[in-house]
Structures are given as C-alpha cells and as structure tokens.
Amino acid sequence: MGDILVVDDERDIRELIGDILRDEGHSVRLAWDSDSAYGEINKDAPDLIILDIWLKDSKHDGIDILKSVRRDNPAIPVVIISGHGNIEIAVAAVKQGAYDFIEKPFNIDQLMVVITRAIETSRLRRENAALRTKDGAPAEMLGSSAAFRSLKSQLEKVARGNGRVMLTGPAGCGKEVAARFIHQNSDRARAPFIVGSSASIEPERMEEVLFGRFSPERGHEPGLFEQAHGGILFLDEVADMPVGTQSKILRVLVDQSFQRAGGSDIVRVDVRVISATNRDLKAEIALGNFREELFHRLNVVPITVPSLDARRDDIPELAKHFIAELNATQGLPLRALSSEAEAHLQTMSWPGNIRQLKNVLERCLILGPDSGEIEAAEFPGDTAAAAVDNASTLISAIFAGLPLREAREQFEREYLVAQINRFGGNISRTASFVGMERSALHRKLKSLGVITTARGGARVADTAEMEDGI
C-alpha cells in the first residue's frame with residue numbers, strides 16, 4: 001500500500017478518489033491547488049500523485065506542477081486526470097514525464113489498475129536504486145600498512161562532508177572501493193551510488209548517458225546524474241571525457257541542473273560527485289585535453305590511493321580475503337597460502353595492483369589442486385616456477401660475470417631491498433625475519449648503500465645510486 005496525494009480543484013472528485021483509495025488500504029492526502037500540493041510534497045514526498053490538469057484559482061496548473069515534480073522529485077510517478085482531456089493534452093503530459101493519462105469521467109477499475117501499476121513501478125525503481133548502492137566491489141577496506149591507514153583516515157574525514165573528491169592512483173589500486181567507502185560512511189549512504197566510467201562510454205553518447213534523453217516515442221530516460229539524485233555519482237577515468245562534455249559537467253557542478261538531450265526542461269539534482277583518474281590531469285591540461293576549471297572544481301579534496309607496491313604488508317590479508325571471496329562466489333577451492341607463497345607474493349612486481357593480485361589467485365585456484373596449500377611454484381610467470389626450477393640459469397645470467405665479493409654484495413642488496421619493501425619499510429620486522437640484530441641490519445644497509453624514503457604514505461627501500469639518479 002502507498003501514500004497517495006490527490007490534487008483536484010473539484011472537492012467532490014478528490015474526496016471520491018480519496019475514499020476509494022482508502023478502501024483499498026492506501027494512505028491519502030488531498031490538495032486543491034498548486035500551493036497546497038507543493039506544501040504536501042515538501043512536507044513528505046508521496047509514493048504517487050494523482051493530478052488534475054486544470055486547477056481553478058491556482059497559481060500553477062497541473063502541467064506546471066508535473067514539471068516541478070519531475071525536476072525535484074523524479075522518482076514520484078504522476079497520473080494525470082482531466083475532464084477536458086484530448087490527445088494534445090495527453091501527449092503534453094506524457095512528454096513532461098507523466099506515468100499515465102486518464103480522462104474524466106473515469107472508470108474506477110481502470111483508475112485502480114493504473115494506480116497499482118504506478119506504485120509498483122515506483123517500488124521497483126526504489127529497489128533498483130538500493131541494489132545499485134550494493135552492486136559492484138565491496139566497500140570493505142582491508143589492510144594495516146602505514147599507507148593503508150593513512151588512506152583510510154583521509155577517506156573517513158571526507159565522508160563526513162559534502163565536498164567533491166578526486167581519487168588518483170594507478171589502474172587496479174582500488175579507487176572505486178575507496179569511493180564506495182566514502183558513500184557508505186556518509187549521510188548519503190541510503191541514497192544511490194552510481195558509477196559512470198568515461199573510458200567505457202562511447203564519446204558520441206557521453207552526454208546522453210550522463211544527462212539522459214527525451215524523445216516523444218519513449219518519453220524521458222534518466223541519465224546518471226538523475227539516477228544519482230540525493231546520492232553520489234562516481235565518475236571514473238575522467239581524463240577520457242570529451243572536452244565538449246567537460247564544459248557541460250562544469251555547468252552541472254556549479255548549478256546542479258541540466259537539460260536532457262532532446263529536451264527543454266531544466267532538471268535539478270542534488271548529487272555529490274567523486275571522480276577518479278590514473279593519469280596526470282595537469283599534463284592533460286597542458287596538452288589541451290582537460291579543462292583547467294573543471295579540474296579545480298573536481299579536485300576540491302585530492303586523495304592518492306596507493307599502489308599495491310606501496311602496501312606490500314597488506315598482501316597476505318588481501319590474498320586471504322580474495323580466496324575466501326572466490327570460494328563463496330565461484331565455488332573455487334578454499335586453500336591457504338604456504339609461507340613461501342605468501343612471501344613470494346610480497347616480493348612480486350604488481351603493475352596491475354590489487355586487481356592483478358586477485359586475478360593471479362583466481363588462476364591458481366582454477367588450475368591448481370582442490371586441496372593443500374598454494375605453493376609459490378603455482379604462480380604464473382617467470383618469477384615463480386622459473387625461480388624454483390631454473391635457479392642455476394638465473395644465477396648464471398645475473399651473477400656469472402661478477403667476482404664473488406661483488407656478486408654477494410649485489411645479492412644482499414637486492415635481497416634486503418625486497419624484504420624491507422615486503423614489510424612496508426618496517427626495519428624491526430625485517431631484522432627479525434632475516435635473523436639479524438636491528439643495529440647490525442642498519443650497518444649492513446649503510447654499507448650496501450640501501451636507504452629508505454617516504455613514498456605514497458609508506459617507507460620504500462631503494463639503493464642510494466638509484467635514488468641519486470631520480
């Protein structure tokens with residue numbers, strides 16, 4: 001059952017419709033002109049509005065009220081009724097977004113069928129919006145590294161506000177998860193979270209997808225901004241947005257209003273925008289590919305999402321989470337990582353970041369045995385099986401041309417750099433793992449020219465020679 005607002009200047013008609021709806025179990029409110037209608041809508045948005053087109057002694061007629069509802073409360077279905085109905089008025093009402101049109105004198109059964117369908121449509125829209133907020137990557141933030149703690153602290157702070165956020169970081173590092181975390185911890189958590197990726201939308205359809213479209217045949221079709229009304233719109237890969245669209249996005253950010261493609265009505269929305277990119281937008285601005293003013297509008301709160309290389313300490317926890325998730329969603333074997341496999345994951349190169357880690361684990365679970373621990377040799381590429389089966393070949397290629405002392409120093413340098421990065425720059429944990437006193441490890445690092453620097457919210461080890469060359 002729904003909450004229905006009946007707007008009609010004829011008292012007998014509105015009370016008759018009200019009595020019928022109450023008998024069917026609906027909650028009913030009555031209004032007789034635009035002022036009383038707006039008052040009821042602003043007090044508490046109804047599930048459905050039954051609206052007469054002609055309203056005697058009213059500031060606005062039914063079409064004006066319909067336009068206002070479609071602009072400010074697009075989720076509310078409106079059924080138009082009129083005793084002066086003709087095809088032109090019906091087309092005009094549907095063109096402005098009415099759910100249906102019924103001519104007076106109406107058949108009660110016909111009216112109830114239309115009302116039932118309209119309320120069901122409204123319910124489905126709300127459910128779809130709720131599902132969209134839950135769809136996609138989980139907003140669960142996993143990790144304990146310094147880089148992760150710094151990121152989570154920033155996200156928690158911006159979640160409490162309403163400012164626009166720009167998330168930057170390499171592909172696959174979890175920018176959408178970060179955006180969902182902001183949404184679920186904000187005052188808009190119960191409103192939609194809508195994702196739009198500029199890289200996946202054809203340039204010629206960009207404005208239609210973002211702002212919606214209107215056609216006489218299909219009426220109005222909401223775009224991403226309308227779908228996100230009251231909630232958050234996550235604009236991913238904004239660097240791929242056409243320059244012409246950028247100027248329109250800029251206007252929406254300023255006015256919170258726009259026109260649909262093919263339409264003339266002004267649509268007003270309340271949307272918080274979070275954007276993301278893996279490119280250098282300042283370089284894109286210099287090349288003329290991105291509007292500087294739009295950059296400053298989107299970049300109110302800039303947050304860098306660290307790469308997986310900057311948070312290697314989190315890899316074991318992330319790996320366990322993905323294995324459990326793949327078991328629950330795909331029925332893949334629930335296997336633990338061996339200590340060697342865990343250490344190997346922490347020293348591998350991850351250009352694809354968290355997305356690549358999940359893909360590597362999924363491949364291991366699909367191709368590997370159904371039980372037993374995951375071993376390092378199961379990981380794809382030269383860094384796993386080759387390290388186990390072709391160790392002598394690797395030693396020949398890397399160290400064969402060096403004297404023993406230089407080969408030993410190079411091995412120790414690369415080994416310690418890998419271990420320090422594995423433990424997120426934590427010297428104490430590194431010393432414990434490699435079996436050295438902390439003071440002895442410090443002396444060894446100094447003699448090998450290994451230094452640690454802050455990078456991306458974490459401590460990263462590197463050689464002094466490489467650092468000098470940067």
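What comes next concerns the included structure. (Residues numbered from 1 in each chain as written. Predicted model: local features only at pLDDT ≥ 70, side-chain atom pairs only at ≥ 80, totals over all residues. Heavy atoms only, no water.)

### Quick look at the pairing of strand E4 (residues 78-82)
And then number 1: Within E4, 5 of the 5 residues are buried, which leaves it mostly tucked inside the rest of the structure.
And then number 2: Side chains of E4 alternate between two faces, with Val78, Ile80 and Ser82 and Val79 and Ile81 buried alike.
And then number 3: As paired elements, strand E3 (residues 48-52) and E4 share 4 bridges and run parallel to each other. Residue pairing for E4: Leu51 is matched across the bridge by Ile80.
And then number 4: What joins E3 to E4 is helix H3 (residues 62-72), and the crossover it makes is right-handed.
And then number 5: Both E4 and strand E5 (residues 100-103) contribute to a ladder of 4 bridges, which runs parallel. Directly across from Ile80, in E5, lies its bridge partner Phe101. (Buried < 20%, exposed > 50% of the residue type's maximum accessible area, 1.4 Å probe, protein only. Helix = DSSP H or I, 4+ residues; strand = E, 2+ residues; numbered from the N terminus. Pairing = 2+ DSSP bridges. Right-handed = clockwise from strand over helix to strand, strands pointing away.)

### Digging into the packing of aromatic side chains
And then number 1: A complete count under the given rule lists 5 aromatic pairs for this structure.
And then number 2: The interplanar angle of 20 degrees and the centroid separation of 6.2 Å between the aromatic rings of Phe193 and Phe234 together place this pair among those described as stacked. You can see Phe193 sitting in strand E7 (residues 193-197) and its partner Phe234 sitting in strand E10 (residues 232-236), a full 41 residues away along the chain. There is no split in this pair, since Phe193 and Phe234 are both buried. (Phe/Tyr/Trp six-rings, centres within 6.5 Å; stacked < 30°, edge-to-face > 60°.)

### A short note on the side chain of Ser36
And then number 1: Position of Ser36 relative to the elements: it lies in helix H2 (residues 34-43).
And then number 2: A distance of 3.0 Å separates the side chain of Ser36 from the backbone nitrogen of Trp32, its partner in a polar contact. (Polar contact = N/O pair within 3.5 Å; in protein donor to acceptor, adjacent residues only side chain to side chain.)

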